[in-house]
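Survey of secondary and tertiary structure
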Amino acid sequence: MAPRKKQQNKLVPTEAKQATLQRQIPGIAAADYKHDIIAYMEELGPRTALENALAADIAAVSVEYDQLRARKHMLMWQKAIQPMFDLLTRKASVDAQQSETLAVAWAQGSPEASAKIVSLGVDPEVAHNEAFVANIYLLEMLDKQIERLERRRRNLLADYRQLQKDARRPRIHEETQIEDAVVMDAQTVGERVDDEIST
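Note that the structure is a prediction, hence the values are computed from the model and not measured.

Cut-offs used in this document
Residues numbered from 1 in each chain as written. Predicted model: local features only at pLDDT ≥ 70, side-chain atom pairs only at ≥ 80, totals over all residues. Heavy atoms only, no water. Helix = DSSP H or I, 4+ residues; strand = E, 2+ residues; numbered from the N terminus. Buried < 20%, exposed > 50% of the residue type's maximum accessible area, 1.4 Å probe, protein only. Contact = heavy atoms within 4.5 Å. Expected span 1.5 Å × (residues − 1). Bend = angle between axes of the 7 residues up to and from the residue. Salt bridge = Lys/Arg side-chain N within 4 Å of Asp/Glu carboxyl O. Arc of directions from axis to C-beta. pLDDT = per-residue confidence, 0-100. Patch = residues over 30% accessible without salt bridge, like charges linked within 9 Å, V, L, I, M, F, W, Y side chains within 5 Å. Areas by Shrake-Rupley, 256 points an atom, 1.4 Å probe, with all protein chains shown as cover.

**Considering the overall build of the chain**
The helix and strand tally for the chain stands at seven helices and zero strands. Tracing the chain from N to C terminus, the helices and strands come up as α-α-α-α-α-α-α. For the chain, with 199 residues in total, the buried portion stands at 31%. Long-range pairs, those at least 24 residues apart, make up 72% of the contacts in the chain between residues at least 6 apart in sequence.

Rendered as structure tokens:
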């Protein structure tokens, strides 16, 4: 008779703990979309209707890019909870309840939990590596989307800078003409003064 395989504990964090995790990990809190759009628009500082339309596109793509990177960050920490739980119960012989508490607190960035885990002889990098390998396909998809958004943002920014440069050219030409006129007027006045003196 073949020996039965030992059943591995499957950790499913409660909704409350998942919500806490999302709230406390730096950089993954739900972004205020409107606030971020306004912040990007203010940074770009459009001056014309055409610049404003292009700046709005840049802001929307930038916020989407930021949020996607935040989701990837959140995903990596969430997916690392289970491997950490397994390491604590299997390698460190910690009971399931304490392992869950430590794993979630570690994922939330608790220095105390991290120190406790290391003191138990568990390497946190192992949990991260296992999470990465187990979710590599999904992470690669996210990376491709992030790269696509980054390329689009760069292209839009290049178009925006060119638009601003083109918009300044007529003004620069006008300013040059004004300066030339001032010089001409100064020369004319100087000639008149010279004429007055000579007479």
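**Considerations on helix α3 (residues 49-90)**
Compared with an ideal rise of 1.5 Å per residue, which puts 42 residues at 62 Å, α3 spans 62 Å between its outermost C-alpha atoms and is within 8% of the ideal. Maximal helix bending in α3 amounts to about 30°, located at Ile81; proline Pro83 follows within four positions.

**Observations regarding the pattern of salt bridges**
The final tally for this structure, using the stated rule, is four salt bridges. A salt bridge links Lys72 to Asp143, with the shortest nitrogen-to-oxygen separation between them at 2.6 Å. With Lys72 in helix α3 and Asp143 in helix α7 (residues 136-198), this pair connects stretches of sequence that are 71 residues apart. Taking the relative accessible area as the measure of exposure, Asp143 reaches 28% and is therefore partly exposed. Between Glu150 and Arg154 there is a salt bridge whose closest N-O contact spans 3.5 Å. With a gap of four residues between them, Glu150 and Arg154 both fall in helix α7, about one helical turn apart.

**A few points about helix α2 (residues 33-44)**
Between its first and last C-alpha, α2 extends 17 Å over twelve residues, near the 16 Å set by a 1.5 Å rise per residue. Here α2 has its buried residues at Ile37, Met41 and Leu44. Taken end-on, α2 shows its buried residues confined to a sector of 65°, consistent with a single buried face. What points out from α2, more than 90 degrees from its buried face, is the exposed set His35, Glu42 and Glu43. Looking at the residues trailing α2, positive phi occurs at Gly45, about 60°.

**Thoughts on the confidence of the model for the chain**
Caution applies to low-pLDDT regions: their predicted coordinates should not be interpreted in detail. Taken over all residues, the pLDDT of the chain has a mean of 78, while the share at 70 or more is 69%. Looking over the chain, one finds the lowest element-wise mean pLDDT in helix α1 (residues 15-24), namely 50, and the highest in helix α6 (residues 124-134), namely 95. Note that residues 23-31 has pLDDT below 50 and, in this model, 15 contacts with residues that lie over four places away or in other chains. Segment residues 172-176 is flagged for pLDDT under 50; beyond a separation of four residues in sequence, or across chains, it makes zero contacts in the model.

**A closer look at unusual backbone geometry**
With a phi close to 55°, Ser93 is a non-glycine residue in the positive phi region. Within the fold, Ser93 resides in the loop between α3 and α4 (96-107).

**Details of the environment of Leu54**
Tracing the chain through its elements places Leu54 in helix α3. What makes Leu54 buried here is its relative accessible area of 15%. Placed 106 residues apart in sequence, Leu54 and Tyr160 show a C-alpha to C-alpha distance of 6.6 Å.

**Here we look at a nonpolar patch on the surface**
A cluster of nonpolar residues, Phe132, Val133, Ile136, Tyr137, Leu138 and Met141, forms a patch on the protein surface that exposes about 590 Å² of accessible area. When contributions to the nonpolar patch are tallied by element, the ones reaching two or more residues are α6 and α7. The element best represented in the nonpolar patch is α7, accounting for four residues. Take Tyr137: it is sitting in helix α7.

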